[in-house]
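Residue-level structural notes
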Amino acid sequence: MNQVTRSRYAFQSRLLTMVNELSLRGRWTELKLGLKYYNKVLTKFYINSYWKFLFQLASKDFPKYIECIPQFIDCLHSMNLNNKKEVIYSVVYLLFSKNYFSQGFDLLKMYHLTYDSSLMTKEKDVNTLTKILNSDLDFIKWKFEISKESFEEENQLAQQLAEKCVFQIQLIVDTFVLADNQIIQLIDIYTYYKKINELHHVLIEYATKNSDYLNAQKYLFEFELNYLNKVSTELFLKIIKLNPSDGFILKYHRYFQNLIMSIDCIFEILDYYQWKYTKECWSCLSKLIKESDKIDAIKECILENWNLRKHYWIPYHFKIFTDMYKNINKYRFSVAIMLMGPSN
């Protein structure tokens, strides 16, 4: 696992995570720099998909994002997209649909574009956005209806809204590559009405259609684990390949009762800075090394992982033990002794 060069699509999955987190926090400068970097790595097809995802984020909580439209466009212009004009028209359409007419016209003037109603109504992405906004609205209404106290066995209005919402969501998921928001809504509706088989079918299709997308694989894995009591090794290995530093791996590696897989996973996670000072990682690795002490195959796995890393792990992890991280130092120190030997 550790000797395999990471595929290009691992970057695509990490990019989507980056776009989601940074845009929700309003960290536009970092997002712009990240997009510039990934634009050198990825194909225009994927960059285009991630811009559409960023655009979807704005449609969820629009008042919060209205003042960020210039940053959206600035990020867009840092990329080499062929269809910048169409995406800008889509942003203008979004502004108009929310009654922000002056801001929409200002945007058109800023980029020297005319009010092209034919493009705005016929553009495929704009039509998809309209469906997304409609399904979001119906889903909010449905959540409100099921929150009411009712003595009826089933609320008729809620059922009607759910059916309408499921139909709209299915259309979006079938035609749009990255439809996380809609998939989450679908999971809520189907699990509420206990339509487990139908939901399983949708999640399999979504994961198959988006085989290079991390979240699609995670939704399916967690659904099968929680509702079908099934642990898929194939899905888990795909998740590791897409993003070896994902916290999902730390959470679920124990379910496989496979020490070699767990050791590989934890070693790889600790290569990444965000886990460097995480108590759970070090305590887990310490426990795994102790458990494998009498099994030759496991000891070979640990030795292989250590030999790959020892030249940079020693200064990176084991050079300084400060009081600031004393809650994890005992585990880190224990791992260091077991890997390097007491004399070091």
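Shown above is the structure to which this text applies.
Residues numbered from 1 in each chain as written. Predicted model: local features only at pLDDT ≥ 70, side-chain atom pairs only at ≥ 80, totals over all residues. Heavy atoms only, no water.

**Topic: the overall build of the protein**
Secondary structure assignment for the protein yields 19 helices and zero strands. Per-residue burial for the protein yields a buried fraction of 48% across its 344 residues. Long-range pairs, those at least 24 residues apart, make up 66% of the contacts in the protein between residues at least 6 apart in sequence. As displayed, the protein offers around 18300 Å² of accessible surface, 53% of which is attributable to carbon and sulfur atoms. (Helix = DSSP H or I, 4+ residues; strand = E, 2+ residues; numbered from the N terminus. Buried < 20%, exposed > 50% of the residue type's maximum accessible area, 1.4 Å probe, protein only. Contact = heavy atoms within 4.5 Å. Areas by Shrake-Rupley, 256 points an atom, 1.4 Å probe, with all protein chains shown as cover.)

**Topic: the environment of His201**
By secondary structure assignment, the location of His201 is in helix 12 (residues 196-209). Residue His201 is classed as partly exposed on the basis of its relative accessible area, which comes to 48%. Considered as a pair, His201 and Leu220 are 19 residues apart in the sequence and their alpha carbons are 9.7 Å apart.

**A closer look at the environment of Val335**
Along the chain, the position of Val335 falls in helix 19 (residues 326-340). Filtering out sequence-adjacent residues up to four positions away, Val335 remains in contact with Trp282, Leu285, Ser286, Ile289 and Phe318.

**Considerations on the packing of helix 13 (residues 214-227) against helix 14 (residues 233-242)**
For any two helices packed against each other, the geometry comes down to the angle between their axes and how far apart the axes lie. Across the interface, helix 13 lies against helix 14 with an axial gap of 10 Å and an inter-helix angle of 150 degrees. The orientation of helix 13 relative to helix 14 falls into the category roughly antiparallel. Judged by the twist between their axes, the crossing of helix 13 over helix 14 is left-handed. Between helix 13, through Leu214, Gln217, Lys218, Leu220, Phe221 and Glu224, and helix 14, the contact on the second element is made entirely by Leu235, Phe236, Lys238, Ile239 and Leu242. Class assignment for the residues of the contact of helix 13 with helix 14 results in seven nonpolar, one polar and three charged. (Axes fitted to C-alpha atoms, helices over the stretch in contact; angles between N-to-C directions. Parallel < 35°, antiparallel > 145°, perpendicular 65-115°, else oblique. Left-handed = near helix turned anticlockwise from the far one by under 90°. Nonpolar A, V, L, I, M, F, W, Y, C, P; charged D, E, K, R; others polar.)

**A few points about the pattern of salt bridges**
Within the structure shown, the criterion is met by seven salt bridges. Of the charged contacts, one joins Lys164 and Asp138 as a salt bridge, the two residues approaching to 3.6 Å between their closest N and O atoms. Note that Lys164 is positioned in helix 10 (residues 156-175) and Asp138 in helix 9 (residues 124-147), a separation of 26 residues in sequence. A salt bridge links Glu224 to Lys230; the nearest nitrogen and oxygen atoms lie 3.9 Å apart. (Salt bridge = Lys/Arg side-chain N within 4 Å of Asp/Glu carboxyl O.)

**Focus on the packing of aromatic side chains**
Per the counting criterion, the structure on display carries 19 aromatic pairs. Between Phe221 and Tyr252, the ring centres sit 5.4 Å apart and the planes meet at 65 degrees, which makes this aromatic pair edge-to-face. One end of the pair, Phe221, is in helix 13; the other, Tyr252, is in helix 15 (residues 247-252), and 31 residues separate them in sequence. One exposure class covers both Phe221 and Tyr252, and it is buried. Tyr252 gets classed as buried once you look at its relative accessible area, which sits at 4%. Ring-pair connections join several aromatic residues into one group, and the members of that group are Phe221, Phe236, Phe248, Tyr252, Tyr255 and Phe256. (Phe/Tyr/Trp six-rings, centres within 6.5 Å; stacked < 30°, edge-to-face > 60°.)

**Remarks on the nonpolar core**
The nonpolar side chains of a soluble globular protein tend to be buried, and buried together. Core analysis: the largest hydrophobic core is formed by 64 residues, its most contacted members being Ile189, Phe221, Phe236, Leu285, Trp313, Phe318 and Leu339. Sorting elements by how many residues they give to this core places helix 10 first, with eight residues. Core analysis: the next-biggest nonpolar cluster, separate from the first, contains eight residues, Val91, Val92, Leu95 and Phe96 among them. (Core = buried A, V, L, I, M, F, W, Y, C linked by side-chain atoms within 4.5 Å.)

**Thoughts on helix 16 (residues 259-269)**
Burial analysis of helix 16 places nine of its eleven residues in the buried class, which makes it a mostly covered element. Every buried residue of helix 16 is listed here: Met261, Ser262, Ile263, Asp264, Cys265, Ile266, Phe267, Glu268 and Ile269. Close packing links the buried residues of helix 16 with helix 14, helix 15, helix 17 (279-291), helix 18 (296-317) and helix 19. Where helix 16 starts, the residue carrying a side-chain oxygen 3.2 Å from the main-chain nitrogen of Ile260 turns out to be Asn258. (Polar contact = N/O pair within 3.5 Å; in protein donor to acceptor, adjacent residues only side chain to side chain.)

**Focus on helix 14**
All buried positions along helix 14 are accounted for by Leu235, Phe236, Ile239, Ile240 and Leu242. Down the axis of helix 14, the smallest arc covering the buried residues is 165 degrees, so these residues share one side. (Arc of directions from axis to C-beta.)

**Some details on unusual backbone geometry**
One can expect most non-glycine residues to show negative phi and most peptide bonds to be in trans. The residue Lys194 is not glycine, and still its phi comes out positive at about 60 degrees. Mapped onto the fold, Lys194 is located in the loop between helix 11 (180-192) and helix 12. Here Lys194 falls in the exposed class, since its relative accessible area comes to 68%. The backbone of Asn229 sits at a positive phi, close to 55 degrees, despite the residue not being glycine. Its location among the elements puts Asn229 in the loop between helix 13 and helix 14. On the accessibility criterion, Asn229 (70% relative accessible area) is exposed.

**Considering the side chain of Ser334**
Relative to the helices and strands, Ser334 resides in helix 19. We classify Ser334 as buried; its relative accessible area is 18%. Engagement of the side chain of Ser334 in a polar contact is seen with the side chain of Ser286, the distance being 3.3 Å.

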